[in-house]
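# Descriptive structure summary
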Amino acid sequence: MQKKRIATAVALAVAVAGSSTGFVLPAASHALAPATEATASAPMLLEPARAAIAMKKVNLKKATTHNLNLRAGKSTKTKALLTIPKNTAVTVTETSGTWSKTKHKNKTGWVASRYLKNAPAAKKQAAKKPAPKTQVKSSTRKTTTYNLNLRAGKSAKNKVLVVIPKNTTVTVSHTSGTWSQTKYKNKTGWVASRYLKNAPAAKKSAPKAAAPKATYRWTTGKVNIRKGAGTSHASLGLVPANERVTYLKTAKGWSNVKSSKGTGWISNKLLDKTGQYSFAVYGTLRKGQSAYYILRGKTSKETKTTISSHSMYLQPNKTWLSYVIPSGKSSDKVVVERMDIKPASYRATVANMDKWERFNPNKPLADQNYNRVLVTDKDGKKSWAYLGSKKIGDYLTKNGIRVTSGDYLKRF
């Protein structure tokens, strides 16, 4: 009996001593605060049983160190609302003992404070420094509103370099505070900006119309240039044959032109629009050939030469009938005779040549076998040549006989 009493007293003493610490061993199923509480590696947490600890309102930036349960109350026995992932930044709004109040995904609750760490401090953005009141380039046109002092510096105490009259337009190159830098009469200095106003926009000058292209005519022989449009007007002199004159206007069948004898009037019948060119002949029109009679006695000079980038072809069933067509290859050459025509015979000769080649300058080129075209020979001289039309050229390059020498006299 005595032993029983002693054992009861010891047990009572232990119970009283344990309660004086204020702690109780939490149930095994609630001992772990983090969401990993079922793992053996999770630390054990003894939660205080004291309800008398006051809550403290705070505003702390924290980060979770584990996957952490957000609970409805300050106890592991309360319902877990959700799990906050490890390394999540949270804001603690209250603390109470070993618990911290926070919010995650619209759920507000409590987490064990020991599984929070201070969040890294947010990087502070460098404060923008106010722009210094330095000189600013402006290059603006201004007009003075008064007779204005141009000073050596940005102060009314500085030396006056010159006085700029009222309503003078100046160009401001820099501004600094209330001062503007400008130049006047080869003096560069500063004026008070308040006495300047924006200059009216400069009027843009209308672009100059391009000068009309000069038009020319060529005299068909020695012709009179007269003071007026008609033979009743006095002559200013005789203009040489084949002279290029500048055409101005036409009236009553006469053209007003500028010539070596002055500005006057020449009958349109004595002027040519294309000028007088030689003829480059390569077939039966050459000297000694059947059609040479058309040019005999009409020429002032006959010169043997070549034109490049052209080829000569014969018709397969008419080998005496030759054509020259453009080839596009500079190595292709055709032998021609350049016939310089006497000015007095020029117009009649052109008409006879066109008739012989059955060329009509008033009809489309594509509809004719020969086209009269200007070519340039090896001497740099321009001459008329009768070339095969495109239709003929396409046919001959497939079916014709090419004269490789380019010389009609050596075709066989």
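Here goes a summary of the coordinates provided. Keep in mind it's a predicted model, so treat the numbers as computed, not measured.

Cut-offs applied
- Along each chain, residues carry numbers from 1 onward, in the same order as the chain's sequence is written.
- pLDDT decides what is reported in this predicted model: residues at 70 or higher carry local features, side-chain atom pairs at 80 or more are listed and counted, and totals for whole chains, interfaces and linings draw on all residues regardless.
- The basis for the side-chain values is all heavy atoms of the structure; hydrogens and waters are excluded.
- Here a salt bridge means any side-chain nitrogen of Lys or Arg lying within 4 Å of a carboxyl oxygen belonging to Asp or Glu.
- By the criteria applied, helices consist of DSSP H or I runs no shorter than four residues and strands consist of E runs no shorter than two, each listed in order from the N terminus.
- In this scheme, a residue with accessible area under 20% of its type's maximum is buried, one over 50% is exposed, and one in between is partly exposed, where area comes from a 1.4 Å probe on protein chains only.
- By arc we mean the arc of the directions from the helix axis to the C-beta atoms, nothing more.
- The contact criterion used throughout is that any non-hydrogen atoms of two residues lie within 4.5 Å.
- Definition of a polar contact: a pair of N or O atoms within 3.5 Å, with one able to donate and the other able to accept a hydrogen when the atoms are protein atoms, and with sequence-neighbouring residues admitted only if both atoms are side-chain atoms.
- Aromatic contacts are taken between Phe, Tyr and Trp rings whose centres are within 6.5 Å, Trp giving its six-membered ring; a plane angle under 30 degrees counts as stacked, one over 60 as edge-to-face, and the others as tilted.
- Should the NZ of a Lys or the CZ of an Arg lie within 6 Å of a ring centre and within 35 degrees of the ring normal, that charge is described as sitting over the ring.

## Some words on the pattern of salt bridges
Opposite charge on two side chains permits pairing when their charged atoms draw close. In this structure the tally under the stated criterion is nine salt bridges. Across the salt bridge formed by Arg 338 and Asp 377, the nearest N and O atoms sit 2.7 Å from each other. Here the residue Arg 338 occupies a position in strand β26 (residues 333–341), and Asp 377 occupies one in the loop between β27 (370–376) and β28 (382–388), the gap between them amounting to 39 residues. Neither residue differs from the other here; Arg 338 and Asp 377 are each classed as buried. Put simply, Asp 379 and Arg 338 hold a salt bridge, and the shortest N to O gap is 3.1 Å. Placement of Asp 379 in the loop between β27 and β28 and of Arg 338 in strand β26 is noted, with a sequence separation of 41 residues between them. When its relative accessible area of 41% is taken as the criterion, Asp 379 is described as partly exposed. Under the relative-accessibility criterion, Arg 338 is labelled buried at 7%. The network of salt bridges with common partners includes Lys 57, Glu 94 and Lys 101.

## Some details on unusual backbone geometry
Within the chain, Asn 186 stands out as a residue other than glycine whose phi angle is a positive 65 degrees. Relative to the helices and strands, Asn 186 is located in the loop between β12 (179–184) and β13 (187–192). On the accessibility criterion, Asn 186 (72% relative accessible area) is exposed. Although it is not a glycine, Arg 358 sits at a positive phi angle of roughly 55 degrees.

## Quick notes on helix α2 (residues 346–356)
Considered for burial, the residues of α2 that qualify are Tyr 346, Thr 349, Val 350, Met 353 and Asp 354. Across the axial projection of α2, the buried residues extend over an arc of 135 degrees, all falling on one side. Structurally, α2 contributes buried residues whose contacts are with β22 (278–281), β26, β27 and β28. Where α2 terminates, the next one or two residues include Arg 358, which has phi positive at roughly 55 degrees.

## Points about the side chain of Glu 94
Structurally, the position occupied by Glu 94 is in strand β4 (residues 89–96). Using a relative accessible area of 10% as the deciding quantity, one classes Glu 94 as buried. Within polar-contact distance, the side chain of Glu 94 engages the side chain of Lys 57 at 3.3 Å. Once residues within four sequence positions are removed from consideration, Glu 94 is found in contact with Met 55, Lys 56, Lys 57, Val 58, Trp 99, Ser 100, Lys 101 and Trp 110.

## Digging into the packing of aromatic side chains
One pass over the structure, following the stated rule, counts six aromatic pairs. Aromatic side chains Tyr 293 and Trp 356 sit 6.5 Å apart centroid to centroid with 85 degrees between the ring planes, which places their arrangement in the edge-to-face category. Residue Tyr 293 is found in the loop between β22 and β23 (299–308), and its partner Trp 356 is found in helix α2; the two are separated by 63 residues along the sequence. Note on Phe 359 and Tyr 386: the rings are 6.4 Å apart at their centroids and 70 degrees apart in plane angle, and the pair reads as edge-to-face. Of the two residues, Phe 359 sits in the loop between α2 and β27 while Tyr 386 sits in strand β28, which places them 27 residues apart along the sequence. Given a relative accessible area of 8%, Phe 359 falls into the buried group. Look at Tyr 386 and you get buried, because its relative accessible area is 3%. These aromatic residues form a ring-pair network of at least three members: Phe 279, Phe 359 and Tyr 386. Its guanidinium or amino end placed over the ring of Tyr 247, Arg 217 lies 4.2 Å from that ring's centre, counting from NZ or CZ. Directly above the aromatic system of Tyr 216 lies the positively charged group of Arg 244, at a separation of 3.8 Å from the ring centroid.

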